[in-house]
Amino acid sequence: MHLRALEPDDLEFLYALENDPDIWGVSDTLAPVSRHALREYLEHAGADFYVVRQLRLVITTDIGSPAVGVVDLFDYDPLHQRAGVGITILARERQNGYAQQAVELLKKHARNVLRLHQIYATVGADNLPSMRLFAAAGFRQVGTRQAWLRTATGWQDAVEWQCLLSS
């Protein structure tokens, strides 16, 4: 398993990923994303994490292999040294253990390179695969936000997960 920076060649991969309506509910997306918008995003994707307060890394099974997903750090808080985590694996690549391996690599990067104290995730209460993922990756369930996420069928609770990277 390998995490790498975004490359200009990732345009079609990101286009497919961002325009999959099956994941819009967990990615706060309401509409398709254009190739033009993604090209612009890729031009600035190498910006300093400490300045833009977010980082997206591509998940591959090996160096040079095709992308199987992405993992994100977002809402970086420099004072409290924490950031949110999001992960998306292509539908055809799920159930292969890639997400758990990627989260473990991200935890090491967040602790050893970015010097974060903690990372956290917000998961829809019906997203059992993600809850199993974060539990297996050493995150601790710390609370539930009532009717936090709007879905196509109404409101859903959000389960909050936290992982302390340093003691």
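Residues numbered from 1 in each chain as written. Predicted model: local features only at pLDDT ≥ 70, side-chain atom pairs only at ≥ 80, totals over all residues. Heavy atoms only, no water.

A. Representation of the pattern of salt bridges within the structure. All chains considered together, the criterion is met by eight salt bridges. In this structure, R35 engages E12 in a salt bridge whose closest nitrogen and oxygen atoms are separated by 2.9 Å. You can see R35 sitting in helix 2 (residues 35-44) and its partner E12 sitting in helix 1 (residues 11-18), a full 23 residues away along the chain. Residue R35 is classed as partly exposed on the basis of its relative accessible area, which comes to 34%. For E12, a relative accessible area of 43% gives the class partly exposed. Taking the shortest distance from any N to any O, the salt bridge between D72 and R56 comes out at 2.6 Å. Note that D72 is positioned in strand 3 (residues 67-77) and R56 in strand 2 (residues 55-60), a separation of 16 residues in sequence. For D72, a relative accessible area of 15% gives the class buried. In the salt-bridge network here, residues are joined through shared partners; they are E18, R56 and D72. (Salt bridge = Lys/Arg side-chain N within 4 Å of Asp/Glu carboxyl O. Helix = DSSP H or I, 4+ residues; strand = E, 2+ residues; numbered from the N terminus. Buried < 20%, exposed > 50% of the residue type's maximum accessible area, 1.4 Å probe, protein only.)

B. Region of interest: the packing of aromatic side chains. A complete count under the given rule lists four aromatic pairs for this structure. Ring centres 5.4 Å apart and planes at 75° place the aromatic pair F49 and Y50 in the edge-to-face group. On the basis of relative accessibility, which here comes to 6%, the residue F49 falls in the buried class. Centre to centre, the rings of Y50 and Y76 are 5.7 Å apart; their planes meet at 75°, and the pair counts as edge-to-face. (Phe/Tyr/Trp six-rings, centres within 6.5 Å; stacked < 30°, edge-to-face > 60°.)

C. Looking closely at the pairing of strand 3. Among the 11 residues that make up strand 3, eight are buried, leaving the element largely enclosed by the rest of the structure. For strand 2 and strand 3, the ladder comprises six bridges, and the chain directions are antiparallel. Looking at the pairing, R56 lines up with D72 of strand 3. Bridge count between strand 3 and strand 4 (residues 82-89): seven bridges; the pairing is antiparallel. In the sheet register, V71 faces strand 4, and the bridge partner there is I87. (Pairing = 2+ DSSP bridges.)

D. Quick look at the side chain of D10. With respect to the element layout, D10 can be found in the loop between strand 1 (2-5) and helix 1. D10 has contacts with R4, A5, L42 and V58, leaving out every residue within four places of it along the chain. (Contact = heavy atoms within 4.5 Å.)

E. Structural view of the sheet that holds strand 5 (residues 118-124). Taken in spatial order, the seven strands line up as 1-2-3-4-5-7-6 in an open sheet, and their pairing is mixed. The open sheet has two free edges, formed respectively by strand 1 and strand 6 (140-151), since each of these has just one partner strand. For this sheet, the mean inter-axis angle between neighbouring strands, taken without regard to orientation, is 30°. Where strand 4 lies against strand 5, three bridges are found, and the strand directions are parallel. The residue of strand 5 that forms the bridge with R82 is Q118. Across the sheet, helix 4 (residues 98-112) is in contact with strand 1, strand 2, strand 3, strand 4, strand 5 and strand 7 (154-164); its angle to strand 4 comes to roughly 155°. (Axes fitted to C-alpha atoms, helices over the stretch in contact; angles between N-to-C directions.)

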